[in-house]
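Take a look at the letters that make up each chain.
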Amino acid sequence: MTTTPRLSPLAATPVLRSDYQRAVAEYWDTHVNDPVNLALGDVDELYHHHYGIGDYDPAVLEAPAPGRDQQVVRELHRLESAQSDLLLDHLGPIAPEHRLLDAGSGRGGTSFMANRRFGCHVDGVSISQYQVDFANTQARRQKAADKVRFHFRNMLDTGLEADSRQAVWTNETTMYVDLDQAFAEFARTLAVGGRYVCITGCSNDLTGGRSKAVSRIDTHYTCNIHPRSAYFKALARNGLVPLTVTDLTPLAIPYWELRARSHLATGIEEAFLTAYKEGSFHYLLIAADRT
Ligand code: GPP
Ligand code: MG
């Protein structure tokens with residue numbers, strides 16, 4: 001069977017360039033009945049594809065049965081939005097005229113939060129046509145489509161103008177890409193002095209090869225978790241100079257404990273808890289400036 005290559009609207013090259021990228025796109029185009037993300041997003045129409053940080057209120061687990069599940073949903077969502085808020089705190093001063101890039105924008109949650117906070121323009125890119133369509137529908141529903149737009153494009157070649165971005169972020173998406181290729185593209189699109197913020201899970205070089213729990217996470221999501229050192233080497237090679245590095249691991253554990261006890265557990269919770277607690281995996285925030 002011959003298939004028509006899916007072309008980027010801007011670039012004349014296909015958006016999906018390898019069997020791996022096609023497998024990732026296929027995953028996100030088909031994993032669309034995901035209550036752990038849809039039920040949380042329904043709380044306030046911010047649909048996230050990342051995890052949460054901070055302590056949860058233990059009272060939600062003791063609430064009377066009829067409303068307990070919804071209280072747990074609200075609490076998990078509050079922690080995921082707190083994670084996006086922390087990422088946005090690190091973007092530096094953003095004005096309404098600034099243009100930002102959400103690299104691997106999922107269903108758009110962090111992009112909408114950035115626009116609501118700063119009034120800025122945001123372009124999100126995703127290699128999942130389903131995610132792009134979902135997020136653009138949300139942009140229209142939220143009357144934000146004049147400033148928040150999602151594109152079926154590859155974060156390794158966004159087609160965006162050079163030096164056009166005041167900030168770029170990746171919210172748990174770098175485990176799907178080659179770091180040098182991604183950081184080269186972010187450095188190209190960022191203005192000098194612009195900020196790149198990355199929240200990611202990375203494996204711990206100090207404990208040797210990847211642990212069984214980290215391998216389980218990779219298999220579950222079709223991703224390739226990078227070692228911690230790979231981030232800093234690739235940033236340095238691409239003119240991105242770290243300003244802040246925060247180990248969010250202790251803040252991430254309560255989210256996974258609540259999720260493990262919730263009706264929305266997907267089966268990957270124990271792998272995250274094991275990896276974080278044994279020290280083979282870190283949840284990091286890195287903010288770096290483009291020189
Ligand atoms: C969460 O997406 C993020 C990823 C799948 C990337 C992997 C992240 C790591 C830190 C390793 P999601 O919100 O769709 O996942 P889930 O459906 O499990 O909530
Ligand atoms: Mg999720």
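Above this text is the structure in question.
Residues numbered from 1 in each chain as written. Chains lettered and ligands numbered in written order. Predicted model: local features only at pLDDT ≥ 70, side-chain atom pairs only at ≥ 80, totals over all residues. Heavy atoms only, no water.

Engineer: Whenever I open this one, the sheet that holds strand E3 (residues 148-152) confuses me. Can you help?
Structural biologist: Within a sheet, adjacent strands bond to each other through the backbone by hydrogen bonds, running parallel or antiparallel. The strand order E3-E2-E1-E4-E5-E7-E6 describes an open sheet built from seven strands, whose pairing is mixed. Unpaired on one side and paired on the other, E3 and strand E6 (240-247) mark the two borders of the sheet. Across this sheet, the average inter-strand angle for adjacent strands is 20°, counted without regard to direction. Relative to E3, strand E2 (residues 121-126) runs parallel, the two being bridged by five bridges. Bridge pairing in E3 links serine 126 to phenylalanine 152. (Pairing = 2+ DSSP bridges. Helix = DSSP H or I, 4+ residues; strand = E, 2+ residues; numbered from the N terminus. Axes fitted to C-alpha atoms, helices over the stretch in contact; angles between N-to-C directions.)

Engineer: Could you clarify how one ought to interpret the nonpolar core in this entry?
Structural biologist: Note on soluble globular proteins: their nonpolar side chains tend to be buried together. Of all hydrophobic cores here, the largest spans 66 residues; its most connected members are Leu91, Leu100, Tyr221 and Phe272. Of all the elements, helix H4 (residues 65-89) adds the most residues to this core, at six residues. Counting residues in hydrophobic clusters, the runner-up holds 24 residues, among them Val168, Tyr196, Ala234 and Ala288. (Core = buried A, V, L, I, M, F, W, Y, C linked by side-chain atoms within 4.5 Å. Buried < 20%, exposed > 50% of the residue type's maximum accessible area, 1.4 Å probe, protein only.)

Engineer: Before we go on, may I ask you to explain the environment of glutamine 131 in this structure?
Structural biologist: Mapped onto the elements of the fold, glutamine 131 is located in helix H6 (residues 129-141). Here glutamine 131 falls in the buried class, since its relative accessible area comes to 7%. With 91 residues separating them in the primary sequence, glutamine 131 and leucine 40 have C-alpha atoms 16 Å apart.

Engineer: Could you clarify how one ought to interpret unusual backbone geometry in this entry?
Structural biologist: Across the chain, the bulk of peptide bonds are trans and the bulk of non-glycine residues have phi less than zero. Here glutamate 45, not a glycine, exhibits a phi torsion of approximately 65°, which is positive. Topologically, glutamate 45 is positioned in the loop between helix H2 (35-41) and helix H3 (59-62). Positive phi values are uncommon outside glycine, yet glutamate 172 reaches one of about 60°. The exposure class assigned to glutamate 172 is buried, which follows from its relative accessible area of 9%.

From the geometry alone we can't say anything about function, so treat these as descriptive.
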